[in-house]
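Overview (structure and organization)
Listed here are the chains, written in short residue letters.
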Amino acid sequence: MVGSWLRAGRVRVSAHDFRIVRDFLERDGWTVEELPGVFVRLRGGGVLSGEMTREAAVLVALRRLVKASGS
(Lines give C-alpha, C1' and ligand atoms only; values in the text may rest on other atoms or scores of the structure.)
Protein backbone atom coordinates (compact mmCIF):
# COMPACT_ATOMS: atom_id res chain seq x y z
CA MET A 1 0.00 0.00 0.00
CA VAL A 2 2.67 2.51 1.06
CA GLY A 3 4.90 1.51 -1.85
CA SER A 4 2.21 2.45 -4.36
CA TRP A 5 1.82 5.85 -2.67
CA LEU A 6 5.55 6.48 -2.86
CA ARG A 7 5.64 5.53 -6.54
CA ALA A 8 2.64 7.76 -7.29
CA GLY A 9 4.01 10.66 -5.24
CA ARG A 10 0.71 11.04 -3.37
CA VAL A 11 -1.50 9.25 -0.88
CA ARG A 12 -4.81 8.03 -2.22
CA VAL A 13 -6.70 5.57 -0.03
CA SER A 14 -8.91 3.18 -1.97
CA ALA A 15 -11.92 1.46 -0.43
CA HIS A 16 -9.83 -1.75 -0.25
CA ASP A 17 -6.94 0.06 1.47
CA PHE A 18 -9.34 1.55 3.99
CA ARG A 19 -10.86 -1.85 4.82
CA ILE A 20 -7.35 -3.03 5.74
CA VAL A 21 -6.73 0.09 7.84
CA ARG A 22 -10.14 -0.18 9.52
CA ASP A 23 -9.53 -3.84 10.39
CA PHE A 24 -6.15 -2.97 11.92
CA LEU A 25 -7.54 -0.07 13.96
CA GLU A 26 -10.47 -2.13 15.23
CA ARG A 27 -8.13 -4.95 16.31
CA ASP A 28 -6.06 -2.28 18.07
CA GLY A 29 -9.12 -1.26 20.10
CA TRP A 30 -10.42 1.68 18.06
CA THR A 31 -13.99 2.22 16.90
CA VAL A 32 -14.13 3.50 13.33
CA GLU A 33 -17.22 5.43 12.28
CA GLU A 34 -17.55 6.14 8.57
CA LEU A 35 -19.19 9.47 7.84
CA PRO A 36 -20.73 10.75 4.59
CA GLY A 37 -18.21 11.21 1.83
CA VAL A 38 -14.66 10.13 2.60
CA PHE A 39 -14.56 11.21 6.23
CA VAL A 40 -14.27 9.06 9.35
CA ARG A 41 -14.28 9.51 13.11
CA LEU A 42 -12.14 7.41 15.45
CA ARG A 43 -12.77 6.57 19.09
CA GLY A 44 -10.03 4.97 21.13
CA GLY A 45 -9.27 4.89 24.84
CA GLY A 46 -12.36 6.97 25.56
CA VAL A 47 -11.16 9.74 23.23
CA LEU A 48 -13.30 10.75 20.26
CA SER A 49 -11.51 12.31 17.31
CA GLY A 50 -12.96 15.01 15.15
CA GLU A 51 -13.81 14.30 11.55
CA MET A 52 -10.80 13.28 9.51
CA THR A 53 -10.12 12.03 6.03
CA ARG A 54 -9.40 8.38 5.35
CA GLU A 55 -5.83 9.43 4.60
CA ALA A 56 -5.50 10.93 8.10
CA ALA A 57 -6.90 7.70 9.57
CA VAL A 58 -4.20 5.79 7.68
CA LEU A 59 -1.57 7.99 9.38
CA VAL A 60 -3.10 7.15 12.77
CA ALA A 61 -2.91 3.45 11.90
CA LEU A 62 0.71 3.74 10.73
CA ARG A 63 1.66 5.50 13.97
CA ARG A 64 -0.07 2.77 16.00
CA LEU A 65 1.74 0.12 13.96
CA VAL A 66 5.13 1.74 14.58
CA LYS A 67 4.36 2.11 18.28
CA ALA A 68 3.29 -1.55 18.53
CA SER A 69 6.41 -2.81 16.75
CA GLY A 70 8.61 -0.70 19.02
CA SER A 71 7.19 -2.26 22.20
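The text that follows walks through the structure, step by step, so that each part is easy to find. (Residues numbered from 1 in each chain as written. Predicted model: local features only at pLDDT ≥ 70, side-chain atom pairs only at ≥ 80, totals over all residues. Heavy atoms only, no water.)

Describing the pairing of strand β2 (residues 39-44)
Residues of β2 alternate between two faces, with Val 40, Leu 42 and Gly 44 buried on one and Phe 39, Arg 41 and Arg 43 left unburied on the opposite face. Relative to β2, strand β1 (residues 31-34) is paired through four bridges, and the arrangement is antiparallel. Of the residues in β2, the one forming a bridge with Glu 33 is Arg 41. Taking the residues between adjacent antiparallel strands as the criterion, β1 and β2 are bridged by four residues, where Gly 37 takes a positive phi near 80°. Taken together, the two bridges between β2 and strand β4 (residues 52-53) define a ladder with antiparallel strand orientation. Residue pairing in the sheet places Phe 39 in a bridge with Thr 53 of β4. Between β2 and the antiparallel strand that follows it, strand β3 (residues 47-48), lie two residues; Gly 45 among them carries a positive phi value of about 60°. (Buried < 20%, exposed > 50% of the residue type's maximum accessible area, 1.4 Å probe, protein only. Helix = DSSP H or I, 4+ residues; strand = E, 2+ residues; numbered from the N terminus. Pairing = 2+ DSSP bridges.)

Looking at a nonpolar patch on the surface
A cluster of nonpolar side chains, contributed by Met 1, Val 2, Leu 6, Ile 20, Leu 59, Leu 62 and Leu 65, occupies part of the molecular surface with about 610 Å² of accessible area. Tracing the backbone shows Met 1 in the segment before α1 (2-8). (Patch = residues over 30% accessible without salt bridge, like charges linked within 9 Å, V, L, I, M, F, W, Y side chains within 5 Å. Areas by Shrake-Rupley, 256 points an atom, 1.4 Å probe, with all protein chains shown as cover. Salt bridge = Lys/Arg side-chain N within 4 Å of Asp/Glu carboxyl O.)

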